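# Observations on the model geometry
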Amino acid sequence: MLEMQRQLPYELLATTKGNTWMLEDNGFALRLWKTCSWPCWSSGSGRPSLGASGMSCIRQRLRQMDIRKGVVSLATGAGAIYLLYKAIKAGIKCQPPFCSASPICIARLAIERERHGRDSGELRRLLNSLECKQDAYTKSMILHSITRCVYLLESEASGCTNDDITLVGSMLDDKDNSVKIQALNTLKAFSGIRKFRLKIQEHSIKVLELISTIWDSELHIAGLRLLNNFPLPDFVHPQLRRVMPALMEILQSDYILAQVQAIRLLSSLAQKNDLLYDILNCQVHCNFLNLFQSTQPGSLLFEVLVFAERLSEGRSSPHCRAVKWHYNKQSLHEALFGGDSRLADRLLALVIHPEEDVQIQACKVIVSLQCPQDVGIRPSCPPSHSCFNNGE
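Residues numbered from 1 in each chain as written. Predicted model: local features only at pLDDT ≥ 70, side-chain atom pairs only at ≥ 80, totals over all residues. Heavy atoms only, no water.

The next point concerns helix 4 (residues 122-131). Every buried residue of helix 4 is accounted for by E122, L123, L126, L127, S129 and L130. Angular distribution of buried residues about the axis of helix 4 spans 160°; they occupy a single face of the element. (Buried < 20%, exposed > 50% of the residue type's maximum accessible area, 1.4 Å probe, protein only. Helix = DSSP H or I, 4+ residues; strand = E, 2+ residues; numbered from the N terminus. Arc of directions from axis to C-beta.)

So, about the packing of aromatic side chains. According to the stated counting rule, one finds three aromatic pairs in the structure shown. Between F190 and F196, the ring centres sit 5.6 Å apart and the planes meet at 90°, which makes this aromatic pair edge-to-face. Exposure class is identical for F190 and F196. Each is buried. Here the aromatic rings of Y277 and Y327 are separated by 5.5 Å at their centres, their planes lie at 40°, and the arrangement is tilted. Taken together, the residues span a long stretch of sequence, with Y277 in helix 14 (residues 273-280) and Y327 in the loop between helix 16 (318-321) and helix 17 (332-337) at a distance of 50 residues. Linked through ring pairs, Y277, W325 and Y327 together constitute an aromatic cluster. Positioned above the aromatic ring of F337, the side-chain terminus of R315 is 4.3 Å from the ring centre. (Phe/Tyr/Trp six-rings, centres within 6.5 Å; stacked < 30°, edge-to-face > 60°. Lys NZ or Arg CZ within 6 Å of the ring centre and 35° of its normal.)

In terms of burial, helix 11 (residues 217-227) is largely enclosed, as eight of its eleven residues are buried. Residues of helix 11 that are buried: L219, H220, I221, A222, G223, L224, L226 and L227. Lining the buried residues of helix 11 we find helix 8 (177-191), helix 9 (197-201), helix 10 (204-213), helix 12 (237-251) and helix 13 (256-269). Capping the start of helix 11 is the job of one residue whose side-chain oxygen sits 3.0 Å from the backbone nitrogen of E218: D216. (Contact = heavy atoms within 4.5 Å. Polar contact = N/O pair within 3.5 Å; in protein donor to acceptor, adjacent residues only side chain to side chain.)

Okay, empty space enclosed by the protein next. Enumeration according to the criterion identifies one cavity of 30 Å³ or more in this entry. The set of elements that each furnish at least two residues to the lining of the largest cavity consists of helix 14 and helix 16. Among the elements that line the lining of the largest cavity, the one with the most residues is helix 14, at three residues. Partitioning the lining of the largest cavity into residue classes produces five nonpolar, two polar and no charged. (1 Å grid on protein atoms, 1.4 Å probe; cavity = no way out; pocket = protein on both sides within 12 Å on 5 of 7 lines; lining within 4 Å. Points joined across faces, edges and corners; volume = space filled by probe spheres on them. Nonpolar A, V, L, I, M, F, W, Y, C, P; charged D, E, K, R; others polar.)

Here the focus is the packing of helix 18 (residues 343-350) against helix 19 (residues 356-369). Where helix 18 contacts helix 19, the axes come no closer than 8 Å and their chain directions differ by 145°. Considering only the axes of helix 18 and helix 19, their crossing is left-handed. For the pair helix 18 and helix 19, the contacting residues are L343, L347, L348 and L350 in the first and V358, Q359, A362, V365, I366 and L369 in the second. Of the residues assigned to the contact of helix 18 with helix 19, the class counts are nine nonpolar, one polar and no charged. (Axes fitted to C-alpha atoms, helices over the stretch in contact; angles between N-to-C directions. Left-handed = near helix turned anticlockwise from the far one by under 90°.)

Mapping L123 onto the fold places it in helix 4. Since its relative accessible area comes to 2%, L123 is described here as buried. Residues L123 and R148, spaced 25 residues apart in sequence, show a C-alpha to C-alpha distance of 9.4 Å. Apart from residues lying up to four places away in sequence, L123 is in contact with I146, C149, V150, E156, A157 and C160.

Within the secondary structure, D174 sits in the loop between helix 7 (162-170) and helix 8. Ignoring sequence-local partners within four residues, the contact set of D174 consists of K139, V179 and K180.

This model, assessed by the stated rule, comprises nine salt bridges. Of the charged contacts, one joins D274 and R241 as a salt bridge, the two residues approaching to 3.6 Å between their closest N and O atoms. In this pair, D274 sits in helix 14 while R241 sits in helix 12, placing the two residues 33 residues apart along the sequence. Between R264 and E303 there is a salt bridge; the shortest N-O distance is 3.1 Å. Pair noted here: R264 is in helix 13 and E303 is in helix 15 (residues 298-315), with a separation of 39 residues, a long-range link. You can call E303 buried: its relative accessible area is 12%. (Salt bridge = Lys/Arg side-chain N within 4 Å of Asp/Glu carboxyl O.)

Counting all residues, the mean pLDDT for the chain is 79, and 71% of those residues have values of 70 or more. Least confident of the elements in the chain is helix 1 (residues 34-37), whose mean pLDDT is 44; most confident is helix 11, at 97. Here residues 23-47 is modelled with pLDDT under 50, and outside its nearest four sequence neighbours on either side it reaches 67 contacts, counting other chains as well. The low-confidence segment residues 373-386, where pLDDT is below 50, has twelve contacts with residues more than four positions distant or belonging to other chains. (pLDDT = per-residue confidence, 0-100.)

Let's shift gears to a nonpolar patch on the surface. Taken together, the side chains of Y82, L83 and Y85 present a nonpolar region at the surface, about 370 Å² in accessible area. One can find Y82 in helix 2 (residues 52-93). What makes Y82 partly exposed here is its relative accessible area of 48%. (Patch = residues over 30% accessible without salt bridge, like charges linked within 9 Å, V, L, I, M, F, W, Y side chains within 5 Å. Areas by Shrake-Rupley, 256 points an atom, 1.4 Å probe, with all protein chains shown as cover.)

See the structure below:
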């Protein structure tokens, strides 16, 4: 390591390596050839002594180094500014259209509309943005915001058209399940407006197909809530027969919300004469009667009891008694009304259930299971068909 004799504008460390001198300035190296960069040498101490030309050469190199540093810093700063500009531009361009569709914002829009009597235009803006090409997350959030607007801005929702319903219904064909779920929720919100119900009923077959082919609890809940929100047309009955096993599987799953929605749909279908046999003959698990245990949630127990009552009333109707039906050994009919059924024991235990609604409904099922006295001697309804003995 050599020490410089003259004071330089920068602190330099000079080292020798081969035929070159290396000047280091805080990490930046300046390479000088001995033959041209060191014009004079001291004879006393053996240390190099820079002359005027050497100092001039070093100053020139240092100035070049400063220019290079400035150019690099300028380029780096310009690049950072450009990237920041691109990020801001992309953020403005791709700003989600639902940024102002939070519950608080929509509630404010509803209040302003009540005061001033004019539409906010928020729902129309969201529907227009849904027509643009968006990614799955954006479409899902737009549909979620539309659902909120329909509930909170009902007057604006009433001004929508069937084309808007068709647009929302087209989202059921999206590849992403979250988009399908939000589209189902949006259709349910629109189904609360009477003039859209016929149009929404056209999507019933598609909804049933989704429920039966995709095993997703959230999708099941959204689809079944939609189907339970309006009466199903007759042209859907063939599709209902095909998806009946899937509905029974959902009923016997472990997800309470999906089970409640499935049993509500089945209860309404049990009142259809042309679907009653398909329901009763549907195969169920051997532990189906576990749904009648007192440990089940009260909401589920109540719906299951309503379902059992309607099935009992249906099989006692003239339409059902006019034909001798044959059921599979593992069918719902055998689980509830067969000779080996333990339904009576479950019902008696529910009579003392803590919830009054469950108690009352259990009593209704017990009454419906008893054949009326005026038809007790008919072959179609023999006394042995009752789940209860005469003593009970």
